[in-house]
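# Remarks on the overall topology
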Amino acid sequence: MAGSKQLEQTSKSIDSSAHMITTARVPADKPVRIAFSLNDSPDDASPENFSLAFPELDQQLQPLPPCHDSKESMQVYKQHCKIAEEYNEVKKEIALLEERKKELIARLEQVEKESMDAAQLAKEYAELTEENRTLKLAQTQCVEQLEKLRIQYQKRQGSS
């Protein structure tokens, strides 16, 4: 409640004077909404007040200061400001999407690496299984050959 009263006071200060903006401390968990109106701007507003309306925009994209005597000029300026705000939102969204894209690419690379590791392990397992089978066969043949040699040796011993 106290935060909203502070914001109301700040809002009233902004509405009543083009040159003076009162700031209020707002807790970090509360959203802050800044609004301004071009409808009732004082006649003494100078072009300098409009020159940096969107400092993050490139110079060629900055809204041009309106002619205060022309309602049409003020309307065009308002439209340009709205478009500039939308442009900033789109730029922010693009930045977030590019960051998400980087995260997804990194994740994909990790999954592909793990997949390649799994494929390599499967190949190695198959090779070791085949080698194990071959060694067991060789062992069986060696045991059979040893048994035959024992029998021959016993026959020689028995015949001597």
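Reading the values: rules and limits
- Each chain carries its own residue numbering, running from 1 in the written order of its sequence.
- Local features in this predicted model are restricted to residues of pLDDT 70 or higher, and side-chain atom pairs are both shown and tallied only at a pLDDT of 80 or more, whereas totals for entire chains, interfaces and linings draw on every residue.
- Where side-chain values are given, they derive from all heavy atoms of the structure, hydrogens and water being excluded.
- Strands are runs of DSSP state E lasting at least two residues, helices are runs of H or I lasting at least four, and both sets are numbered from the N terminus onward.
- The contact criterion used throughout is that any non-hydrogen atoms of two residues lie within 4.5 Å.
- The protein chains shown are the only cover counted for residues, whose accessible areas, like all others here, come from Shrake-Rupley with a 1.4 Å probe.
- Note on definitions: salt bridges are taken to be side-chain nitrogens of Lys or Arg within 4 Å of carboxyl oxygens of Asp or Glu.
- A 1.4 Å probe rolled over the protein chains alone gives each residue an accessible area, and that area as a share of the maximum for its type sets the label: buried under 20%, exposed over 50%, partly exposed in between.
- A residue's pLDDT is the confidence the predictor assigns to it, expressed on a 0 to 100 scale.
- Working rule for helices: expected span equals 1.5 Å times residues minus one.

What follows deals with the overall build of the chain. A count of helical and extended segments in the chain gives three helices and zero strands. Traced from its N-terminal end to its C-terminal end, the chain shows the element sequence α-α-α. Of all intrachain contacts in the chain linking residues separated by at least 6 positions in sequence, the fraction that spans at least 24 positions is 36%. For the chain, the exposed surface amounts to about 14,200 Å²; the carbon and sulfur share of it is 56%.

Bringing the pattern of salt bridges into the picture now. By the definition in use, this model includes five salt bridges. When the shortest N-O distance is used, the salt bridge between Glu89 and Lys92 registers 3.8 Å. Of the two residues, Glu89 and Lys92 both sit in helix H3 (residues 71–159), three residues apart, roughly one turn of that helix. Among the residues examined, Glu89 registers a relative accessible area of 48% and is labelled partly exposed. Among the ionic pairs, Lys113 bridges to Asp117, the shortest N-O distance being 3.6 Å. Residue Lys113 and its partner Asp117 are located together in helix H3, separated by four residues, close to a single helical turn.

Residues with a pLDDT of 70 or more make up 66% of the chain, whose mean pLDDT is 77. Confidence, read as mean pLDDT per element, is least for helix H1 (residues 2–16) in the chain (43) and greatest for H3 (94). The low-confidence segment residues 1–24, where pLDDT is below 50, has 14 contacts with residues more than four positions distant or belonging to other chains.

With that out of the way, let us pick up H3. Its 89 residues place the ends of H3 130 Å apart at the C-alpha level, agreeing with the 132 Å of an ideal helix rising 1.5 Å per residue. Among all positions of H3, only Met74, Tyr77, Cys81, Ala84 and Asn88 are buried.

A few words on the side chain of Asn88. Summarising the element assignment, Asn88 is placed in helix H3. Take Asn88: its relative accessible area is 9%, and that puts it in the buried class. In this structure, Asn88 is in contact with Phe54, Glu56 and Leu57, ignoring residues within four places of it in sequence.

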